[in-house]
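Topology and contacts: notes
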Amino acid sequence: MSEAGPQRKPRRLLALLPLAAFSALALVFLVQLYGGDPSKLPSALIGRQVPSFQLAALEPGGQGLADKDLRQGGLTLVNVFASWCGPCHEEHPFLMELAKDDRFRVVGINYKDVAENARRFLGAKGNPYAAIGVDNNGRTAIDWGVYGVPETFLVNGDGTIAYKLVGPINAESLARRLAPEIEKALAKKS
């Protein structure tokens, strides 16, 4: 009986060895592929038309958001946010500044949020959005390929997605990634 116990333990460890090796290789692969930065995750939608969607307005009597709204000329920054999202609170001052730029408009998709909480959040911090669509069940966000909030998309006037920023807008991501992409998209429009 004492011989069976020690033999089982090495067999169990041997059985787990392939799983551990596969997990280690997968981790190395992902780190090498993306450099460990989730904001560099590719989007299959870049260069493609926005998905078809129609979302109700957050504010009663306000303007909702639909795919056709993103095909009416002009550059649009689409921000996916929620009041329960900590990084969304951190990026909010940057969105307020971006909304002052009249070369493009800022719209929002409110993701899986309680409407009253979202209204309270925007009432306290200011509303940078020209329109807000409510995505209660998250279906629209899935269609857009959203990994998690916040995420921001640049959409050309013909409805093609030009750029996707994963994660919050902050001083670094604005200066190094988003602002250059905005300028590039505006230059193409001219």
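In the block above lies the structure referred to throughout.
Note that the structure is predicted; figures quoted are calculated from it, not measured.

On to the sheet that holds strand E1 (residues 54-57), then. Spatially, E2-E1-E5-E4-E3-E6-E7 is the arrangement adopted by the seven strands of the open sheet, whose pairing is mixed. In this open sheet, the two edge strands, each paired with only one partner strand, are strand E2 (65-66) and strand E7 (161-166). Examined bridge by bridge, E1 and strand E5 (residues 132-135) share two bridges and lie antiparallel to one another. The residue bridging Ala57 from the neighbouring strand is Gly133, located in E5.

The subject of this paragraph is the packing of aromatic side chains. Applying the stated criterion across every chain, the model contains five aromatic pairs. Both rings, one in Trp84 and one in Tyr111, keep their centres 6.4 Å apart while their planes meet at 50°; by these two values the pair is tilted. Remark: Tyr111 occurs in strand E4 (residues 104-111) and Trp84 occurs in the loop between strand E3 (75-81) and helix H2 (86-98); sequence separation between them is 27 residues. Note on Tyr111: relative accessible area 17%, which makes it buried. For the pair Trp144 and Phe153, a centre-to-centre distance of 4.8 Å together with 70° between the ring planes defines the contact as edge-to-face. Judged by relative accessible area, which is 0%, Trp144 ranks as buried. Here Phe153 falls in the buried class, since its relative accessible area comes to 0%. A connected cluster of aromatic rings, assembled from ring pairs, spans Phe53, Trp144 and Phe153.

Below, the discussion takes up the side chain of Ser83. Tracing the backbone through its elements, the reader meets Ser83 in the loop between E3 and H2. Those residues in contact with Ser83 that sit more than four places away from it in its chain are His89, Asn110, Asp113, Asn117, Ala118 and Phe121.

A few words now on the pairing of strand E6 (residues 151-155). The buried count for E6 comes to five of five residues, which makes it a mostly enclosed element. Where burial is concerned, the two faces of E6 agree: the one with Glu151, Phe153 and Val155 and the one with Thr152 and Leu154 are both buried. Count of turn residues in the E6/E7 antiparallel hairpin: five residues, of which Gly159 carries a positive phi of about 90°.

Procedures and definitions
In this numbering scheme, every chain counts its residues from 1 along its sequence in written order. Where local features are concerned, this predicted model is filtered to residues with pLDDT of at least 70; where side-chain atom pairs are given and counted, the filter is 80 or more; whole-chain, interface and lining totals use all residues. With hydrogens and water set aside, each side-chain value is computed from the structure's full complement of heavy atoms. Any two strands with at least two DSSP-identified bridges between them are counted as paired. The helix and strand labels rest on DSSP assignments: H or I over at least four residues marks a helix, E over at least two residues marks a strand, and numbering proceeds from the N terminus. Put simply, two rings from Phe, Tyr or Trp (the six-membered ring, in Trp's case) pair if the centres are within 6.5 Å, and we call them stacked under 30 degrees between planes, edge-to-face over 60, tilted for the rest. The rule is simple: take the accessible area with a 1.4 Å probe, protein chains only, and divide by the maximum for that residue type; under 20% is buried, over 50% is exposed, in between is partly exposed. Note on definitions: a residue-residue contact is assigned when non-hydrogen atoms from the two residues lie within 4.5 Å.

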